[in-house]
Amino acid sequence: MNKPIIGSHIIELKQTASTNVYTDKLLHSEKPEEGTVIIAYKQTKGKGQDQNTWESEANKNLTFSIILYPEFLNPSEQFRLIELTSLGIIDFIKTLITTDKEIRIKWPNDIYIGDQKLCGTLVQNSIVGSELTECIIGIGLNVNQEKFLSDAPNPVSLKQITGVSYKLHQCLKDLCSCIDKRYYQLKNKQYAQLETDYLSLLYRINEMHDFIIHEDKVRATITGITKYGQLKLESIEHKIYECGMKEVVYCL
Ligand code: BTN
């Protein structure tokens, strides 16, 4: 058995603006052990993707950051960190939920149940020279929240799906263990397994849908992911696209 890394040290905060910001500052003053988790029971200024804020009611959800030092990865392969995190989160959710609705990864790293968002991830990497020196993986998983107030289009929590109230400590422990197993796969270069699993869980893969690509509405099918983590699509007119994070919007 490999020694677990992720979650072996936990820093608990009653409140902070954002665990990612807190972790970033911490990394400027010390080098915590790899796998250290910083969890806050209340975030006053949680950060989402694209400068959005992340809504999370105090004491109801998991909002935490994980510190990794993935120096073994080439910076060009940083998408693998997003990949393993998304897979670890889904592994965990599948231990709690059996639903007819599909649990999927909306590229690059939103976790969806049906057409609703259960979990968001914000990964911040530091690259020095040609080395990926530090990675902060911020995770917001909606657990027990029952009402969402912000204008986020489609949030949902585990409790809203199952009716069960979950213990946050246990969820954190189990979720870290699932992500740890996927990190172990990454460290052991089981790239093909991670890629196959990621693709098999990709939201809307091989289905025709509308997207906004470079500001144009395009009817297209997601066909895969490039080795740098871009989304590959083929339009109904057989035009091929490889899109980075800000170049494609799903029409939901
Ligand atoms: C998204 O917009 O989907 C990403 C949301 C990420 C939210 C988490 S909550 C813990 C960590 N700290 C933050 O400020 N953001 C991330």
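Residues numbered from 1 in each chain as written. Predicted model: local features only at pLDDT ≥ 70, side-chain atom pairs only at ≥ 80, totals over all residues. Heavy atoms only, no water.

With respect to the overall build of the chain
(1) Moving on: In terms of regular secondary structure, the chain is built from five helices and 12 strands.
(2) Moving on: Over its C-alpha atoms the chain spans a radius of gyration of 18 Å, differing by no more than 12% from the 18 Å that the globule rule assigns to 252 residues.
(3) Moving on: For the chain, the C-alpha atoms occupy an extent of roughly 50 × 45 × 35 Å along the three principal directions.
(4) Moving on: In the chain, which comprises 252 residues, the share counted as buried stands at 50%.
(5) Moving on: Positive and negative side-chain charges of the chain, numbering 29 and 32 respectively, have mean locations separated by a distance of 4 Å. (Helix = DSSP H or I, 4+ residues; strand = E, 2+ residues; numbered from the N terminus. Rg over C-alpha atoms; globule rule 2.2 N^0.38 Å. Buried < 20%, exposed > 50% of the residue type's maximum accessible area, 1.4 Å probe, protein only. Lys, Arg positive; Asp, Glu negative; His and termini not counted. Charge placed at Lys NZ, Arg CZ, Asp CG, Glu CD.)

Topic: the side chain of glutamine 185
(1) Moving on: Following the sequence through the fold, glutamine 185 ends up in helix H4 (residues 168-187).
(2) Moving on: By relative accessible area, which is 16% here, glutamine 185 ends up buried.
(3) Moving on: At a separation of 3.0 Å, a polar atom in the side chain of glutamine 185 contacts the side chain of arginine 182.
(4) Moving on: Apart from residues lying up to four places away in sequence, glutamine 185 is in contact with Gln190, Gln193 and Leu194. (Polar contact = N/O pair within 3.5 Å; in protein donor to acceptor, adjacent residues only side chain to side chain. Contact = heavy atoms within 4.5 Å.)

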